[in-house]
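Understanding the architecture of this molecule
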Amino acid sequence: MEGERAVTSRCAVFVDAGYALAAAATRVTGTSLRGGIHIDYEQLITGLTTHAERQSGLPLLRVHWYDAARDGVPDSTQRQIGLLSRVKLRLGRIGFDGEQKGVDLRIGLDLVSAARNAAVEVVYLVSGDDDLTEAVDEAQAHGVQVIVLAVPLKTGEPYGLSRHLQTAADGMETLDADTLDHAITSRRARATNTAPLKPASTAEQRPAPTPAILAHREPRPMIDNTVQPAPVEPAAAPATLVFSSSTGGSSFSDPAYVHSDEMDENIDHVVDRLLHTWLEGDPGLQHAACAENRPEIPRDVDRALLLDLSEAVGVYDLSDPVRHHLRARFWVALDRRTS
């Protein structure tokens, strides 16, 4: 009708940075530790934009980038991301315990708001978090298609994707491998301008244990990330391991599983891979800085340990004995490598 502005259908990309960067780091280094990789954010976001526009056949409205910051104040990297063309930076907080707060809520609220206001027709959601399932359902009820855009590992399998979220979404796609490999490199490979170095130790050369369950939700680490010098013995009562709701929501008690050979193998593999990445720069300096606050493990390292082990064994809530054993093995392996 003359005088009325034509409404153009558009697409949008919602990026859970916690998921995207953990997945990218795992793809490149074998561990979710963010500090082990260098990211060309402009190139990565251009790749996300290109994928969304090509697959949807619609122009991009904007990319929403969700992350957490201390007191909600962006750091230098986050400020640079927010200045990129058609990028909206949305920040939650980092709590006193070092964990992000409010990120999932912001994603869910913005997703539903965009749907209710008919701002977009298609949303590409870069996340694997089961907590977003209800927001996806609500957005769909308002006529928006929501497609999960997963980050693939080197094997091609999508990283950490909740089966509930995948079922609720209108589809699942994986980001182009070339886009990831050009935008994300290991810090060591970037510094030396060579291909990533192969692990030297026997423990690092062995293949990763096969995950018990492929579906994953990011674990919620305990507030206390300290560990006693010696491994804590399991409690007399059976230790309960609660599996991801994407596997059916069931749980079981198996005291032998806590210190089984399979669990010990997974723990040692996770610790070895993380230390290989974390100690690449200056092992002596890293050890000294870490030992100064012993027995507290640096929060980013502790978070990566828990996330990597959860992914490896397919368990959402790691039991207390497993957490203690994982942290104890970290100190043993660190002392061995830097002695």
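Notes on the structure in this doc start here. (Residues numbered from 1 in each chain as written. Predicted model: local features only at pLDDT ≥ 70, side-chain atom pairs only at ≥ 80, totals over all residues. Heavy atoms only, no water.)

1. Overview of the packing of aromatic side chains
- This model, assessed by the stated rule, comprises four aromatic pairs.
- Ring geometry for F330 versus W331: centroids 5.4 Å apart, planes at 75 degrees, classification edge-to-face.
- With relative accessibility at 0%, the residue F330 sits in the buried group. (Phe/Tyr/Trp six-rings, centres within 6.5 Å; stacked < 30°, edge-to-face > 60°. Buried < 20%, exposed > 50% of the residue type's maximum accessible area, 1.4 Å probe, protein only.)

2. Description of the sheet that holds strand β4 (residues 87-94)
- With respect to topology, seven strands assemble into an open sheet ordered β5-β4-β3-β1-β6-β7-β8, the strand pairing being mixed. Looking at the sheet topology across the chains shown, the edges are occupied by β5 (100-101) and β8 (171-174).
- In this structure, strand β1 (residues 11-16) lies alongside strand β6 (residues 122-126), joined through five bridges in parallel fashion. Its bridge partner lying in β6, V13 is registered against Y124.
- Here helix α2 (residues 41-56) sits on the sheet and contacts β1, β3 (60-70), β4, β6, β7 (145-150) and β8; the angle it forms with β3, its principal contact strand, is near 140 degrees. (Pairing = 2+ DSSP bridges. Helix = DSSP H or I, 4+ residues; strand = E, 2+ residues; numbered from the N terminus. Contact = heavy atoms within 4.5 Å. Axes fitted to C-alpha atoms, helices over the stretch in contact; angles between N-to-C directions.)

3. Some points on empty space enclosed by the protein
- Counting across every chain of the model gives three cavities of 30 Å³ or more.
- The volume enclosed by the second largest cavity comes to roughly 70 Å³.
- If you trace the second largest cavity, you find it lined by V15, A20, L21, A24, L44, L48, W65, V126, V151, L175, L180 and I184.
- Where the lining of the second largest cavity is concerned, the elements lending two or more residues are α1 (17-29) and α2.
- Per element, the largest residue contribution to the lining of the second largest cavity is three residues, and it comes from α1. (1 Å grid on protein atoms, 1.4 Å probe; cavity = no way out; pocket = protein on both sides within 12 Å on 5 of 7 lines; lining within 4 Å. Points joined across faces, edges and corners; volume = space filled by probe spheres on them.)

4. Some details on the environment of L306
- Looking at the element boundaries, L306 is found in helix α13 (residues 299-313).
- According to the relative accessible area criterion, L306 is buried, its value standing at 1%.
- For the pair L306 and D317, spaced 11 residues apart in sequence, the C-alpha separation works out to 9.5 Å.

5. As for the pairing of β1
- Here β1 lies mainly inside the structure; six of its six residues are buried.
- Both faces of β1 are covered, namely the face carrying C11, V13 and V15 and the face carrying A12, F14 and D16.
- As defined by bridge partners, β1 adjoins β3 across five bridges and the pair is classed as parallel. The partner of C11 across the bridge, within β3, is L60.

6. Some thoughts on unusual backbone geometry
- For D71, which is not a glycine, the phi torsion comes out positive at approximately 60 degrees.
- Looking at the secondary structure, you find D71 in the loop between β3 and α3 (76-82).
- Owing to a relative accessible area of 65%, D71 belongs among the exposed residues under this scheme.
- The phi dihedral of A118 is positive, around 50 degrees, even though this residue is not glycine.
- Assignment of secondary structure puts A118 in the loop between α4 (103-116) and β6.

7. Some words on the pairing of β7
- Along β7, five of the six residues are buried, which leaves the element largely enclosed by surrounding structure.
- By the bridge criterion, four bridges tie β6 to β7 in an arrangement that is parallel. By the bridge assignment, V122 is partnered in β7 with Q145.
- You can see the chain leave β6, run along helix α5 (residues 133-141) and come back into β7, and the turn it takes is right-handed. (Right-handed = clockwise from strand over helix to strand, strands pointing away.)

8. Considering the pattern of salt bridges
- Following the criterion strictly, the structure yields nine salt bridges and no others.
- Where K154 meets D181, a salt bridge forms, and the shortest distance between an N and an O atom there is 3.5 Å. Note that K154 is positioned in the loop between β7 and α6 (163-168) and D181 in helix α7 (residues 177-183), a separation of 27 residues in sequence.
- Under the relative-accessibility criterion, K154 is labelled exposed at 58%. (Salt bridge = Lys/Arg side-chain N within 4 Å of Asp/Glu carboxyl O.)

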